[in-house]
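# Coordinate inspection notes
The residues making up each chain are set out below.
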Amino acid sequence: MFGTAIIVFREVLEAAIIIGIVSAATRGVAGRTRWLIAGLLAGLIGSGIVAASTDAIASFASGVGQELFNAIVLGIAVLMLAWHNVWMASHGAELAKKARTVAANISEGRSECSILMVVVGLAVLREGSETVLFLYGIAASEGGSARAMLFGGLIGMLAGVAVGYSLYAGLLRIPMRWFFAATGALVLLLAAGMASTAAHFLIQADLIPALASPLWDSSSALPENGLLGILLHSLIGYDARPAGMQVIFYVAVLVVISLGMKLAAKPRKSI
Amino acid sequence: MKNIFSLLLIVTALTPVASSAADADYKLVIKDHRFEPAELSVPAGKKIKMSIENKDATPEEFESHSLNREKLVAGNGTASIYIGPLEPGRYEFFGEFNKETAQGVIIAK
């Protein structure tokens, strides 16, 4: 039961952290909650479908369909988060001002909300499908321990959601002056971490070269399967044994998004 | 920009077809939540394609921290995975969904 709780916790935690950060980052955008729930539901339905078609996805593209699928899902999420941060850089000041007053309504709020929905949906889709498969495996296997294990799964899920929510609530306590800078930095690291994970999947599928694997090994100092390692992996994409290519992806996304934010934040000048 | 992106998509879509045939194959079978063989010897310093066949009805996840790999295998399904090039040594792996029984090790020589 304990083992089940930990496995489910790990999967749920990643999605919960992403949702916590993105929800905080879109604070003050009108209609946000509705879109968030829509993203959650779409992700849950999608993960059921993905779980049911695991074999079909896996056999696609000569056995590396799963990696390709994950990399594409992550890639889209990275693009969305990049877009979010660039948009925030140009509208953040306005949003911060409005969030302080009661009526927070921004004309471009709708596109920002659809980004929120897609990112949340993709996060749930990716992590949820594995959880569904795992729980299905338990439920399908005979033996009286199934109920206890499913109970463990429920505990793991609640614990994951609790961490995600605490992160969200904690972020909201940051003074408004620094708030959007803080969430922007978190989203930036989140996107970079996702890019590194996407590279990891493409290496596993042999679609891109690893370039030194691993580049370093910090698994004895900070194991990736320990609690801190799991947290850091979800938050900033920590990998105890990264391939060189993963680091390149990580840094490239960091640099590109930061540049985009800088350019967007500049007061409009004629070029 | 759009053209580069679609070109990239085409290239990634075609690559696995081109590269998969040439690689040496190693095979793992999952049965009754155990890996068969539980000990697999592979050459060091080479990239290896490994296929994992799951003969159980329930899904399994092949996972290895030392190999930095994680791969879902559907019930009664098969999945392929690339590992290495590896330094000589022992690399433990396990089935995350049935950790008590599904244990194994890859030995790179």
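The model shown is predicted, which means the values in this text are computed figures rather than measured ones. (Residues numbered from 1 in each chain as written. Chains lettered and ligands numbered in written order. Predicted model: local features only at pLDDT ≥ 70, side-chain atom pairs only at ≥ 80, totals over all residues.)

Right, let's get into the overall build of chain A. Within chain A one finds nine helices and zero strands. Ordered by position from the N terminus, the helices and strands of chain A form the series α-α-α-α-α-α-α-α-α. A globule of 271 residues ought to have a C-alpha radius of gyration of about 18 Å, and chain A, at 19 Å, matches this closely. Along the first, second and third principal axes, the C-alpha atoms of chain A reach 65 × 45 × 35 Å. Residue burial in chain A is summarised as follows: out of 271 residues, 48% are buried. (Helix = DSSP H or I, 4+ residues; strand = E, 2+ residues; numbered from the N terminus. Rg over C-alpha atoms; globule rule 2.2 N^0.38 Å. Buried ≥ 20, exposed ≤ 12 C-beta atoms within 10 Å, placed from the backbone.)

Further remarks concern the packing of helix α1 (residues 2-25) of chain A against helix α7 (residues 176-204) of chain A. All names here are of chain A. Orientation of α1 relative to α7, taken along the N-to-C sense of each, is 140 degrees, at an axis distance of 9 Å. The handedness of the crossing between α1 and α7 is left-handed. Along the contact surface, α1 presents I18, I21, A24 and A25, while α7 presents T183, L186, V187 and L190. Class assignment for the residues of the contact of α1 with α7 results in seven nonpolar, one polar and no charged. (Axes fitted to C-alpha atoms, helices over the stretch in contact; angles between N-to-C directions. Left-handed = near helix turned anticlockwise from the far one by under 90°. Contact = placed C-beta atoms within 7 Å. Nonpolar A, V, L, I, M, F, W, Y, C, P; charged D, E, K, R; others polar.)

Moving on, we get to the sheet that holds strand β4 (residues 48-54) of chain B. Residues and elements named next belong to chain B. With mixed pairing, the four strands of this open sheet are ordered in space as β2-β1-β4-β7. Edge positions in the sheet fall to β2 (34-36) and β7 (78-83), since each has one partner strand and no second. Neighbour-to-neighbour, the strand axes of this sheet turn through a mean angle of 25 degrees, independent of strand direction. In this sheet, β7 lies alongside β4 in antiparallel orientation, the contact comprising six bridges. The residue bridging I48 from the neighbouring strand is I83, located in β7. (Pairing = 2+ DSSP bridges.)

Here we come to the interface of chain A and chain B. Every contact between the two is made by 25 residues of chain A and, on the other side, 24 residues of chain B. Broken down by secondary-structure element, the contributors of at least two residues to the side of chain A that touches chain B are α1, α3 (54-63) and α5 (109-140) of chain A. The biggest single contributor to the side of chain A that touches chain B is α3 of chain A, with six residues. A per-class count over the side of chain A that touches chain B returns ten nonpolar, ten polar and five charged.

Attention now moves to the pairing of strand β6 (residues 69-73) of chain B. Residues and elements named next belong to chain B. The pairing of strand β5 (residues 60-64) with β6 spans five bridges and is classified as antiparallel. Each bridged residue has a counterpart across the sheet, and for E61 the counterpart in β6 is L72. The antiparallel pairing of β5 with β6 creates a hairpin that spans four residues between the two strands, and N68 there sits at a positive phi of about 55 degrees.

Note: most peptide bonds trans; most residues except glycine with negative phi. A cis amide bond links S213 of chain A to the next residue, P214 of chain A, at an omega of -10 degrees. Summarising the element assignment, P214 of chain A is placed in the loop between α7 and α8 (227-236). A cis amide bond links E36 of chain B with the next residue in sequence, P37 of chain B, at an omega value of -5 degrees. Residue A212 of chain A is not a glycine yet carries a positive backbone phi of 70 degrees. Inspection of the secondary structure assignment puts A212 of chain A in the loop between α7 and α8.

Turning our eyes to something else, we now look at the confidence of the model for chain A. This prediction gives chain A a mean pLDDT of 87; 90% of its residues lie at or above 70. Taken together, the stretch residues 102-107 of chain A has pLDDT below 50 and engages in eleven contacts with residues farther than four places along the chain or on a different chain. (pLDDT = per-residue confidence, 0-100.)

Time to look at the sheet that holds strand β8 (residues 89-95) of chain B. All names here are of chain B. Strand order in this open sheet of five strands is β3-β9-β8-β5-β6, and the pairing throughout is mixed. Pairing within the sheet leaves two strands with one partner each, and these edge strands are β3 (39-42) and β6. Averaged over all adjacent pairs, the angle separating strand axes in this sheet is 20 degrees, with direction ignored. As paired strands, β5 and β8 are joined by two bridges and run antiparallel to one another. Its bridge partner lying in β8, E63 is registered against F94.

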